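Next come the chains, spelled out residue by residue.
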Amino acid sequence: MPRHLRFQSQPWATHHVTSRCFRGYAFLKPTPQIKSMCAGTLAYSLKHYEGRVELNHLSFLSNHFHILLSTRQATDLAEFMCHFKSNLSRELGKVHDWDKTFWEGPYFSEEIVDEGALKDVFKYITQNSVKE
């Protein structure tokens, strides 16, 4: 179950979501196997929440990820992130032989309120992935 509901000012709002691996460990280091697991798990979660969550942009880095999502309502965001992070940690835990806490804590989310902010976040996510 998600920790708490985030605020969403309107139906179909866009959110910049980030989540960091436990202690900054590089569980998401981009190997072909890890990239495939991340993409597959994300696709599985998006299919499960089809019609309620839409993916706009993403970047997986060695120890964290950024996702730009549009959600119908705040509960959809919370449920989707719980589904996605729990399934991803289960899959990656098998690869890394890790059965402890996988994430540094809850995900962080901010609602994008205007087009200028959307452009800034899109640029930030893209530049972050290029640096990695």
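From a predicted model like this one, the values you see are computed outputs, not experimental measurements.

A. Up close: the overall build of the protein chain. Helix and strand counts for the protein chain stand at three helices and four strands. Taken from N to C terminus, the helices and strands of the protein chain fall in the order β-α-β-β-α-β-α. Residues classed as buried in the protein chain amount to 42% of the 132 residues present. Taking the intrachain contacts of the protein chain between residues at least 6 apart in sequence as the baseline, contacts between residues at least 24 apart amount to 76%. If you sum the accessible surface of the protein chain, you get close to 7600 Å²; carbon and sulfur atoms cover 53% of it.

B. Inspection of the packing of aromatic side chains at higher detail. Taken as a whole and assessed by the stated rule, the structure comprises ten aromatic pairs. For the pair Phe60 and Phe65, a centre-to-centre distance of 5.5 Å together with 40 degrees between the ring planes defines the contact as tilted. The buried category is assigned to Phe65, whose relative accessible area is 0%. Measuring from centroid to centroid gives 5.6 Å for Phe65 and Trp103, while their planes differ by 90 degrees, and the two rings are edge-to-face. Highlighted residues: Phe65 in strand 3 (residues 64-71) and Trp103 in the loop between helix 2 (74-96) and strand 4 (108-112), separated in sequence by 38 residues. Here the aromatic residues Phe22, Phe27, Tyr49, Phe60, Phe65, Phe80, Phe84, Trp98, Phe102 and Trp103 are joined through ring pairs into a cluster of three or more. Here the basic side chain of Lys100 rests over the ring of Trp98, its NZ or CZ set 5.0 Å away from the ring centre.

C. Spotlight on the environment of Glu50. Here Glu50 lies in the loop between helix 1 (32-48) and strand 2 (53-60). Classification of Glu50 as exposed rests on a relative accessible area of 55%. Engagement of the side chain of Glu50 in a polar contact is seen with the side chain of Lys47, the distance being 3.2 Å.

D. Up close: helix 2. Between its first and last C-alpha atoms helix 2 spans 32 Å; for 23 residues at 1.5 Å apiece the expected length is 33 Å, and the two agree. Asp97 occupies a position one or two residues after helix 2 and carries a positive phi of about 50 degrees.

E. Summary view of the environment of Leu58. Within the element layout of this structure, Leu58 appears in strand 2. Sequence spacing of Leu58 and Phe27 is 31 residues, and the spatial spacing of their C-alpha atoms is 17 Å. With residues near it in sequence (within four places) discarded, Leu58 still touches Leu42, His66, Ile67 and Ile125.

F. Examining the pattern of salt bridges more closely. Here the structure, examined in full by the defined rule, presents seven salt bridges. In this structure, Arg52 and Asp76 form a salt bridge, with 3.3 Å as the shortest nitrogen-oxygen distance. Residue Arg52 is located in the loop between helix 1 and strand 2, and its partner Asp76 is located in helix 2; the two are separated by 24 residues in the primary sequence. Taking relative accessible area as the criterion, Asp76 reaches 1% and is therefore assigned buried.

Reading guide: rules and limits
Residues numbered from 1 in each chain as written. Predicted model: local features only at pLDDT ≥ 70, side-chain atom pairs only at ≥ 80, totals over all residues. Heavy atoms only, no water. Helix = DSSP H or I, 4+ residues; strand = E, 2+ residues; numbered from the N terminus. Buried < 20%, exposed > 50% of the residue type's maximum accessible area, 1.4 Å probe, protein only. Contact = heavy atoms within 4.5 Å. Areas by Shrake-Rupley, 256 points an atom, 1.4 Å probe, with all protein chains shown as cover. Phe/Tyr/Trp six-rings, centres within 6.5 Å; stacked < 30°, edge-to-face > 60°. Lys NZ or Arg CZ within 6 Å of the ring centre and 35° of its normal. Polar contact = N/O pair within 3.5 Å; in protein donor to acceptor, adjacent residues only side chain to side chain. Expected span 1.5 Å × (residues − 1). Salt bridge = Lys/Arg side-chain N within 4 Å of Asp/Glu carboxyl O.

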